[in-house]
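Take a look at the letters that make up each chain.
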Amino acid sequence: MKRRASEWRPRLSSWITNWIWWILGIFLVVALVLFLVQHHQTIPHQLPMQVKSTGFKDDPVERMNFTEDLLTSTSLTRQLADQMTLSKAYLVIAKEHGNFDFAAELSSQIRNCQRLLSQAAVNGKRITLVEARPIVNQLSKLINKALDYHYDISTTISTLRSHVQALEERVIVATVQSAAFGRLAAESLPKNLQCVNVKLTKDWFEEPPLRLHAEEQQHSLRLMDINLYHFCVFSDNVLAASVVVNSTVANVKHPQQLVFHVVTDNTNYQAMAAWFLKNDFKGCTVVVRSVEEFSWLNESSSPLFKQLASAETQNWHTRSLSLLKYLRFYIPEIHPLLERVVFLDDDIVVQRDLTPLFSLNMHGSVIGAVETCLDSFHRLYNYVNFSHPLISSAFDPQACGWAFGLNVVDLIAWKKANVTAKFHYWLQQNADGLLWKEGTLPAGLLSFYGLMVPLDRRWHVLGLGYDFEIDIRLIESAATVHFNGNMKPWLKLGITSDLHGHIQCSQLSGTDTTDTCNCLRK
């Protein structure tokens with residue numbers, strides 16, 4: 001028994017020793033965990049001191065998001081904003097009723113509220129109840145006072161609705177005026193170019209050979225030769241038409257094979273004819289005609305002429321400008337013996353040879369054009385009114401739009417499809433302006449619907465004159481660039497005045513450019 005007792009004591013002592021070590025180990029682990037937790041909690045409080053010691057001024061770690069606070073229904077910021085909005089409505093009504101003393105009280109408290117909200121937004125701190133209480137109380141009293149004046153909700157709503165309608169009408173009028181002034185600025189001849197027309201008109205009347213040469217050109221067989229390359233330009237701007245012709249001629253190997261048919265109004269005919277007769281565009285033929293020569297274009301044959309003539313607010317010059325725009329729908333009547341022409345707007349600058357367009361396979365289509373439906377707002381439904389049954393029953397609203405400016409026209413296919421009659425039909429249907437508002441493109445999209453073949457985009461790059469984000473590589477690779485915005489190259493709003501005269505003089509071609517460029521620089 002003594003032996004067993006002696007054996008039990010070492011075992012007991014070793015068991016106690018092990019437990020002591022386990023307890024000590026657990027205490028050490030707990031102490032280490034507590035130390036780490038405590039150290040981690042002290043770091044955020046030490047960071048501002050560390051940042052401050054570096055000498056830099058950082059924003060607080062947490063700033064109030066003013067927008068989120070404003071949208072929170074329970075925040076003081078939202079309450080102040082709502083009270084201020086309602087007070088502004090009552091302010092309008094008070095002024096309308098002649099209660100200017102009450103309006104002054106409202107204005108004062110609204111300014112205090114705006115000042116507090118501005119400070120909160122700048123400082124990034126929430127508005128406290130102490131700061132908001134005086135303003136909230138004052139605004140609440142004034143709102144109750146407004147109710148005593150019978151400025152109830154129905155009166156407020158009706159008054160605000162009338163103000164909104166009035167503002168919308170003013171916006172519409174301002175938008176229309178802005179568009180009209182923009183078009184007027186783009187179509188008007190700049191003052192520094194008026195001397196060019198005056199000088200050319202003077203030369204026309206003082207030099208009889210010019211008039212004789214012009215009459216001879218009218219009967220030239222080249223005007224009807226289908227083996228030549230025929231271009232149509234309708235313009236009242238001598239400089240713009242000259243740039244189109246000169247830039248086209250500069251990019252072909254055989255300019256003698258080109259024929260330009262330029263149509264202008266009676267006011268600019270003498271200057272336009274004198275310019276192209278006095279200058280040699282590398283041997284190409286340029287014939288100028290006046291729109292007044294087309295006796296077949298009258299009220300009895302064209303609903304367009306009838307609509308323009310019936311507009312009492314338009315003078316003859318305005319009507320002639322409109323006729324020039326719409327002449328593109330009468331190309332077969334203007335050139336009855338030709339088979340294919342290329343139409344160019346007068347705000348086009350040519351950078352590549354355009355003669356390959358005359359050998360383009362049109363696949364039986366009437367007109368070739370560059371599509372503009374890369375953006376969704378260039379679909380057909382953006383140009384015409386699809387709520388009208390005539391439109392919705394005949395056209396696809398998602399049909400791709402395309403551009404006038406550079407167009408290949410197959411005159412044989414045109415006559416076969418009787419496009420001019422289609423144009424007249426849609427023009428008559430739109431006499432009340434319910435199908436489309438204005439412009440030649442909607443009429444073209446309807447008249448040539450299903451008769452257009454798309455061209456490669458590089459033939460015709462649009463957007464110059466208003467879009468400053470066009471890729472310069474696309475402009476450089478383009479066959480033509482179109483300044484279809486209001487900032488035309490010949491206008492001061494298009495380019496700087498120093499570059500203005502230089503570009504104009506460099507683009508004008510011929511033997512008589514010295515006096516013209518000197519005139520431009522005056």
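Note that the structure is predicted; figures quoted are calculated from it, not measured.

**Some points on the state of the cysteines**
No. 1: With the rule as written, the count across this model stands at 1 disulfide.
No. 2: Here Cys 373 pairs with Cys 400 through a disulfide, and the sulfurs are 1.9 Å apart. Where Cys 373 bonds to Cys 400 through sulfur, the torsion about that S-S bond is close to -95°, and the disulfide is left-handed. Of the two residues, Cys 373 is situated in the loop between β6 (367-369) and α14 (389-392) and Cys 400 in the loop between α14 and β7 (406-410); the sequence distance between them amounts to 27 residues.

**What about the packing of aromatic side chains?**
No. 1: With the rule as written, the count across this model stands at 20 aromatic pairs.
No. 2: Consider the rings of Phe 329 and Phe 404, whose centres lie 6.0 Å apart with planes at 90°: the pair is edge-to-face. With Phe 329 in the loop between α12 (316-326) and α13 (331-334) and Phe 404 in the loop between α14 and β7, this residue pair connects regions lying 75 residues apart in the sequence. Comparing Phe 329 with Phe 404, the two get one shared label, buried.
No. 3: Here the aromatic rings of Trp 402 and Phe 404 are separated by 5.1 Å at their centres, their planes lie at 85°, and the arrangement is edge-to-face.

**Digging into the nonpolar core**
No. 1: Counting 47 residues, the largest nonpolar core has Leu 327 and Phe 448 as its most contacted members.
No. 2: At 4 residues, helix α16 (residues 419-429) tops the list of elements feeding residues into this core.
No. 3: Apart from residues no more than four positions distant in its own chain, Phe 448 is found in contact with Phe 329, Val 366, Ile 367, Trp 402, Phe 404, Trp 414 and Val 419.
No. 4: Judged by nonpolar contacts, the second largest core, of 42 residues, contains Val 249, Phe 276, Leu 277 and Met 362.

**Concerning the sheet that holds strand β3 (residues 285-290)**
No. 1: If you walk across this open sheet you meet the 7 strands as β3-β2-β1-β4-β7-β6-β8, and the pairing is mixed. Each of the sheet's edge strands pairs with one partner strand only, and the pair in question is β3 and β8 (452-454). When strand polarity is set aside, the average angle formed by the axes of neighbouring strands in this sheet is 25°.
No. 2: Across 3 bridges, the pairing between strand β1 (residues 229-234) and strand β4 (residues 340-344) is parallel. Along β4, the bridge assignment pairs Phe 231 with Val 342.
No. 3: Helix α10 (residues 269-278) rests against β2 (258-264) and β3 of the sheet, and its axis sits at about 170° to β3.

**Section: unusual backbone geometry**
No. 1: A positive phi angle is found at Lys 282, which is not glycine, with a value near 55°.
No. 2: Assignment of secondary structure puts Lys 282 in the loop between α10 and β3.
No. 3: Phi at Asn 418 takes a positive value of approximately 55°, unusual for a residue other than glycine.
No. 4: Judged by its relative accessible area of 46%, Asn 418 falls in the partly exposed class.

**Notes on the pattern of salt bridges**
No. 1: Summed over the entire model, instances satisfying the criterion amount to 10 salt bridges.
No. 2: Where Asp 456 meets Arg 458, a salt bridge forms, and the shortest distance between an N and an O atom there is 3.0 Å.

**Side note on helix α9 (residues 238-249)**
No. 1: Between the first and last C-alpha of α9 there are 16 Å, a value that for 12 residues agrees with the 16 Å anticipated at 1.5 Å per step.
No. 2: With 12 of 12 residues buried, α9 is to be regarded as a mostly interior element.
No. 3: Listed as buried for α9 are Val 238, Leu 239, Ala 240, Ala 241, Ser 242, Val 243, Val 244, Val 245, Asn 246, Ser 247, Thr 248 and Val 249.

What counts and what doesn't
- Residues numbered from 1 in each chain as written.
- Predicted model: local features only at pLDDT ≥ 70, side-chain atom pairs only at ≥ 80, totals over all residues.
- Heavy atoms only, no water.
- Disulfide = S-S within 2.5 Å.
- Helix = DSSP H or I, 4+ residues; strand = E, 2+ residues; numbered from the N terminus.
- Phe/Tyr/Trp six-rings, centres within 6.5 Å; stacked < 30°, edge-to-face > 60°.
- Buried < 20%, exposed > 50% of the residue type's maximum accessible area, 1.4 Å probe, protein only.
- Core = buried A, V, L, I, M, F, W, Y, C linked by side-chain atoms within 4.5 Å.
- Contact = heavy atoms within 4.5 Å.
- Pairing = 2+ DSSP bridges.
- Axes fitted to C-alpha atoms, helices over the stretch in contact; angles between N-to-C directions.
- Salt bridge = Lys/Arg side-chain N within 4 Å of Asp/Glu carboxyl O.
- Expected span 1.5 Å × (residues − 1).

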